Amino acid sequence: MKHSMKEELKLKGIGVSQGIVIGKAFVVQKGRISIPYYVLWNEEDIQKECERFIWAVDQVENEFLHLKESLRNGMADYASLLDVYRLILRDQLIYNETLNLIKSRGLNAIWALNMALEKVQQVFESVDESCVFDRLSDVGSVIERVMRKLSGQKSDIFENIRERSVLVIRDLSPADAAQIPLEKVMAFVLDIGGKTSHTAIIARSLNIPAVVATERATKEVETGDLVVVDGTSGDVTIRPRENTIRYYVELQLRLENYIKEINRKASQPAITKDGSRIKVEANIELLEDVVSAKDSGAEGIGLYRTEFAFMNRDSFPTEEELYQDYRQLAELMAPLSVTIRTLDVGADKLTPWLPVPDEVNPALGLRSVRLCLKYPQVLKMQIRAILRASSYAKNVKLMFPLISGIGELRILKNMVWKAMNELRRENIPFDEDIPIGVMIEVPSAVAIADLLASEVDFFSIGTNDLIQYALAVDRHNENVAYLFESLHPGLLRMIKFTVDSAHKRGIPVSLCGEMAGEPFYVPVLLGLEVDTLSMNAQSIPRVKNLIRRSIREDCKRFVRKILSKKTAKEINEELRHLVIREFHDEYHFFQEGFPSDGFSLLGAGVRL
Ligand code: PEP
Ligand code: MG
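Our subject in this report is the structure included herewith. Quick caveat, the model's predicted, so the values are computed rather than measured.

1. Re the sheet that holds strand β5 (residues 185–190)
Consideration 1: Read across the sheet, eight strands follow the order β1-β8-β7-β3-β4-β5-β6-β2 without closing on themselves; strand pairing throughout is mixed. Each end of this open sheet is capped by a strand with a single partner; those strands are β1 (9–12) and β2 (14–17). Ignoring which end each strand starts from, the neighbouring axes of this sheet average 30° apart.
Consideration 2: For β1 and strand β8 (residues 235–238), the ladder comprises four bridges, and the chain directions are antiparallel. Residue pairing for β8: Lys 10 is matched across the bridge by Thr 237.
Consideration 3: Its contacts with the sheet place helix α9 (residues 242–264) against β1, β3 (20–28), β7 (226–230) and β8, and it is angled at close to 115° to β3.

This is the structure in structure tokens:
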């Protein structure tokens, strides 16, 4: 039941894109698509129906292509999602299956498409994985668009937005987003979704405040209602009272000034109060991401995940294409350094170019450098392209992921020497002193960090995988997500041993897992004496700001103290106290995002 106009109502969701907005709501109610059933009896009608289906798919594909072309730089995540959408459109199980059903059973296109969709849903639902669930909702929204075309319904559900509004909608897929007049959207409020859902990615890349998972926003809000959206805390206030508005106007002003102030200093170096400089770099997935990395004040590219450029292509890249990509990156960033990681394909990142056999444990299987060693020609080509790109500004570093032992590393280094010799013979220039480093993301690499340190020029700690392997917690499995503890004493000790081993042998250490981009972890990572932090571009200004406000010697003392604690929960509480004391304003604005490390029996499913 809707509430009367005067009643204020607060909904709690998850804030996924920061900022506060006060504005009028526009509630989008998607009309149901009717799916009629009829049978076509003659060949001519069947042929026409096939053509109508192909026409509808083409139309939708063109819309996606059109949208992709109109995307700004720095929206690479969104662009790759649209590529995934195009692949879904042409997926055999849907596209071919629908045409088969029309041809063999004379079914009308929309009914046939719905049958194909149901089959895919059955297959997906038998797999209990959150990433599969995400993909299933992608499939659903892509098919819905084709159905709207087939049923002659308008797919533009946003055409009635007349003024700048807060968009309230049950779910928002990138396919829907294709049609939103973005200049009219002040904020997004969704019934469903999560922190890593696609809407969250879109909202962040568009810099539009967003709250997801409110569960019932579309039921409680009416078009024209005034709403306050706090994309930081996840609070949505519907029909706010005078004093609520006053409160938020003031908060909005303070938050905006705070962010503006932080962004103003984003390009300056991050030096602690006691004079210790920490390099803050960006992780990128595609060349286009360089623009937002530079805008956010990145002092280099600490991790280029080169596999994404392989995943989004229609054909296998040539050495020349890779070289052009890496050279452009090196030139755009020069004189700042770029760390190019060799292909880290396998496990969750798949590409048709390097097929992986079906494995029981893909995360422990043929992934990353292991897969590359199975296809040495591909790796050799990539190494040559990286070496060639290093000749221009001598700012390129080469990094190998998932190193688990020195034997493996020596084979890889041998491949580099061979590639260098080839280039010399061919008179092709490269940087003879190109630094070669490894990612520390397997526990055995930590245990031999002292030995590894004398074999390479730098380390980069990949906490995403290191946590997964050290704590035996699948990084993609939500059933054990509560055990994915970044502040686990075991992990902190591993980082400490790695850093100390590297420094004893005079090589620098970077940390490029998601942990590096969590501003509240700054005191821990400074205290662990990591030299460089590499992260998503958006986090850079806030992380740099907190570094500048820290005293490294105090952070070291803090780390000595927490290293004697027994659980992540205790460490998390110590950190929270420190953050409240030292960075009160940051905590005030972003406390809802404070990481909630700490094993809990309730998280483990135990009912007390
Ligand atoms: C990591 O494992 O921490 C890392 C940075 O690499 P990726 O997330 O690409 O596996
Ligand atoms: Mg990794």
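2. Thoughts on the coordination of the magnesium ion (ligand 2)
Consideration 1: Bound to the magnesium ion (ligand 2) are the protein donor atoms Glu 441 (OE) and Asp 465 (OD), situated 2.0 to 2.2 Å from the metal. Taken together, the residues span a long stretch of sequence, with Glu 441 in the loop between β14 (436–440) and α16 (443–447) and Asp 465 in helix α18 (residues 463–470) at a distance of 24 residues. Accessibility classification places Glu 441 together with Asp 465 in one group, the buried group.

3. Topic: the packing of aromatic side chains
Consideration 1: Applying the stated criterion across every chain yields a total of 10 aromatic pairs.
Consideration 2: For the pair Phe 53 and Tyr 95, a centre-to-centre distance of 5.6 Å together with 35° between the ring planes defines the contact as tilted. Here the residue Phe 53 occupies a position in helix α1 (residues 43–70), and Tyr 95 occupies one in helix α3 (residues 95–105), the gap between them amounting to 42 residues. One exposure class covers both Phe 53 and Tyr 95, and it is buried.
Consideration 3: For the ring pair Phe 310 and Phe 316, a centre distance of 6.0 Å and an interplane angle of 75° mean the geometry is edge-to-face.

4. Thoughts on the site of ligand 1
Consideration 1: Around ligand 1, 14 residues are found, and the nearest of them are Arg 305, Arg 341, Gly 462, Asn 464 and Arg 475.
Consideration 2: In the environment of ligand 1, an oxygen atom lies 2.8 Å from a nitrogen or oxygen atom belonging to the side chain of Arg 305.
Consideration 3: Note that an oxygen atom of ligand 1 is positioned 2.8 Å from one of the backbone N or O atoms of Asn 464.
Consideration 4: Its free accessible area being 290 Å², ligand 1 has 98% of it covered by the protein chains.

5. Brief notes about the packing of α9 against helix α21 (residues 540–548)
Consideration 1: Direction vectors running N to C along α9 and α21 enclose 80°, while the axes themselves pass 9 Å from each other. Here α21 runs roughly perpendicular to α9, going by the angle between their axes. Across the interface between the two elements, Tyr 258, Ile 262 and Asn 263 from α9 touch Pro 541, Arg 542 and Asn 545 from α21.
Consideration 2: Classifying every residue of the contact of α9 with α21 gives three nonpolar, two polar and one charged.

6. Topic: the pattern of salt bridges
When charged atoms on two side chains of opposite charge get close, those side chains can pair.
Consideration 1: Scanning the entire structure with this criterion turns up 46 salt bridges.
Consideration 2: For the salt bridge of Arg 239 with Asp 225, the shortest nitrogen-to-oxygen distance reads 2.6 Å. Taken together, the positions of Arg 239 in the loop between β8 and α9 and Asp 225 in the loop between α8 (217–220) and β7 put the pair 14 residues apart, joining distant regions of the chain.
Consideration 3: With its nearest N and O atoms 3.5 Å apart, the salt bridge here joins Glu 331 to Arg 327. You can see Glu 331 and its partner Arg 327 sitting in helix α12 (residues 319–333), four residues apart, about one turn around the helix.
Consideration 4: Overlapping salt bridges bring together Glu 319, Glu 320, Lys 380, Arg 384, Arg 388, Glu 422 and Glu 426 as one network.

Rules used in this analysis
- Residues numbered from 1 in each chain as written.
- Chains lettered and ligands numbered in written order.
- Predicted model: local features only at pLDDT ≥ 70, side-chain atom pairs only at ≥ 80, totals over all residues.
- Heavy atoms only, no water.
- Pairing = 2+ DSSP bridges.
- Helix = DSSP H or I, 4+ residues; strand = E, 2+ residues; numbered from the N terminus.
- Axes fitted to C-alpha atoms, helices over the stretch in contact; angles between N-to-C directions.
- Contact = heavy atoms within 4.5 Å.
- Donors = N, O, S within 2.8 Å, 3.2 Å for Na, K, Ca; no water.
- Buried < 20%, exposed > 50% of the residue type's maximum accessible area, 1.4 Å probe, protein only.
- Phe/Tyr/Trp six-rings, centres within 6.5 Å; stacked < 30°, edge-to-face > 60°.
- Near = heavy atom within 4 Å.
- Polar contact = N/O pair within 3.5 Å; in protein donor to acceptor, adjacent residues only side chain to side chain.
- Areas by Shrake-Rupley, 256 points an atom, 1.4 Å probe, with all protein chains shown as cover.
- Parallel < 35°, antiparallel > 145°, perpendicular 65-115°, else oblique.
- Nonpolar A, V, L, I, M, F, W, Y, C, P; charged D, E, K, R; others polar.
- Salt bridge = Lys/Arg side-chain N within 4 Å of Asp/Glu carboxyl O.

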